[in-house]
Amino acid sequence: FPSHDNASMYNVQDNSTGAVYKGVDAIAAAVPEAEKQLQLLRVAGLQTSATFEELSTSFQTLIGQGASAGMTPDQLRKLTVAGIQAAKAINLPGGTAQLNSEFRALVSGNQFQNSQLLQSLGFSSGAEVKRLREAGKLYDELMARMEIFTKMGEKTANSFRVVADTAQEYRDWE
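Computed from a predicted structure; not experimentally measured. (Residues numbered from 1 in each chain as written. Predicted model: local features only at pLDDT ≥ 70, side-chain atom pairs only at ≥ 80, totals over all residues. Heavy atoms only, no water.)

Asks: I tried to follow the overall build of the protein on my own but got confused; where do I start?
Replies: When its secondary structure is counted, the protein shows 8 helices and 3 strands. Mapped in sequence order, the helices and strands of the protein form the string β-β-β-α-α-α-α-α-α-α-α. Buried positions account for 37% of the 174 residues belonging to the protein. When contacts within the protein are restricted to residue pairs at least 6 apart in sequence, those whose partners lie at least 24 apart make up 53%. In the form shown here, the protein has an accessible surface area of approximately 9,500 Å², with 52% of it arising from carbon and sulfur atoms. (Helix = DSSP H or I, 4+ residues; strand = E, 2+ residues; numbered from the N terminus. Buried < 20%, exposed > 50% of the residue type's maximum accessible area, 1.4 Å probe, protein only. Contact = heavy atoms within 4.5 Å. Areas by Shrake-Rupley, 256 points an atom, 1.4 Å probe, with all protein chains shown as cover.)

Asks: When you look at the nonpolar core in this model, what are you seeing that I'm missing?
Replies: Most often, soluble globular proteins keep nonpolar side chains buried together rather than apart. In terms of nonpolar packing, the biggest core is built from 34 residues, with Met 71, Leu 79, Leu 106, Leu 121, Phe 123, Leu 142 and Met 146 touching the most fellow members. Those elements that place two or more of their residues in this core are helix 1 (23-47), helix 2 (52-68), helix 3 (73-89), helix 4 (95-108), helix 5 (116-120), helix 6 (126-134) and helix 7 (138-156). No other element matches helix 3, which puts 7 residues into this core. Not counting residues within four places of it along the chain, the set of residues in contact with Leu 121 comprises Leu 106, Leu 142, Arg 145, Met 146 and Phe 149. (Core = buried A, V, L, I, M, F, W, Y, C linked by side-chain atoms within 4.5 Å.)

Asks: Just checking my understanding: could you explain unusual backbone geometry for this structure?
Replies: Only a minority of non-glycine residues have a phi that is not negative, and only a minority of peptide bonds are not trans. Notably, Asn 91 is not glycine yet its phi reads approximately 60°, a positive angle. Within the element layout of this structure, Asn 91 appears in the loop between helix 3 and helix 4. Residue classification places Asn 91 among the exposed residues on the basis of a relative accessible area of 64%.

Asks: Can you walk me through the packing of aromatic side chains in this structure?
Replies: By convention here, two paired aromatic rings are described through the distance between centres and the angle between planes. If you walk through the whole model with that rule in mind, you get 0 aromatic pairs. Geometry around Phe 52 places Arg 42 over its ring, the cationic atom sitting 4.0 Å from the centre. Geometry around Phe 123 places Arg 145 over its ring, the cationic atom sitting 3.8 Å from the centre. (Phe/Tyr/Trp six-rings, centres within 6.5 Å; stacked < 30°, edge-to-face > 60°. Lys NZ or Arg CZ within 6 Å of the ring centre and 35° of its normal.)

Asks: When you look at helix 4 in this model, what are you seeing that I'm missing?
Replies: Residues spaced three or four apart along an α-helix face the same direction, because each turn holds 3.6 residues. Across its 14 residues, helix 4 extends 20 Å between first and last C-alpha, which sits within 8% of the 20 Å expected from 1.5 Å per residue. Residues of helix 4 that are buried: Leu 99, Asn 100, Glu 102, Phe 103, Ala 105, Leu 106, Val 107 and Ser 108. Once helix 4 ends, the next one or two residues include Gly 109, with phi positive near 85°. (Expected span 1.5 Å × (residues − 1).)

Asks: Looking at this structure, I do not really get the environment of Leu 55. What am I missing?
Replies: One can find Leu 55 in helix 2. For Leu 55, a relative accessible area of 0% puts it in the buried group. Taking the C-alpha atoms as reference, Leu 55 lies 8.8 Å from Leu 38; in sequence the two are 17 residues apart.

Asks: Mind showing me how you'd approach the pattern of salt bridges here?
Replies: Side chains that carry opposite charge are capable of pairing whenever their charged atoms lie near each other. Within this structure, the stated rule accounts for 7 salt bridges. Across the salt bridge formed by Lys 88 and Glu 54, the nearest N and O atoms sit 3.3 Å from each other. In this pair, Lys 88 is assigned in helix 3 and Glu 54 in helix 2, connecting sequence segments 34 residues apart. Judged by relative accessible area, which is 32%, Lys 88 ranks as partly exposed. Between Arg 145 and Glu 128 there is a salt bridge, with its nearest N and O atoms 3.2 Å apart. Placement of Arg 145 in helix 7 and of Glu 128 in helix 6 is noted, with a sequence separation of 17 residues between them. Given a relative accessible area of 22%, Arg 145 falls into the partly exposed group. Salt bridges sharing common partners tie together Glu 33, Lys 36, Asp 74 and Arg 77. (Salt bridge = Lys/Arg side-chain N within 4 Å of Asp/Glu carboxyl O.)

This is the structure:
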């Protein structure tokens, strides 16, 4: 998975060998992890009120900011699922473009004044998000604040509308 350093934009490190890949080799090395994460997002789309399209688009939005904040692919996937459930719970308007903007703010602290999601999660400023990010505690804090939304999303996944959407998504998947 991409790791951020100052010498180059992104590197991919093989956890089993420690080898670091760059450029085209980095892209090729990252494909299996990307496929795994997308498969897990498909499953989450069937288990929650979020659709696979929402999940995959938001996950792709989070990758750069999340990697630079030190988050792993698994953490980014879990944050994506929780974030979409939180956005749905607060009835966030604006569709995918707004959701992606909210997710960038969620992991960067930038554009705080425009972020309904950060404010709904009880953050008082973008500086608060940035402090947590610099301390390496942002993921844990975000997940703790979104826990109620995650639980609500799991429960509402059984509503008629969500079951119908999930059935359609499952048919599209096969």
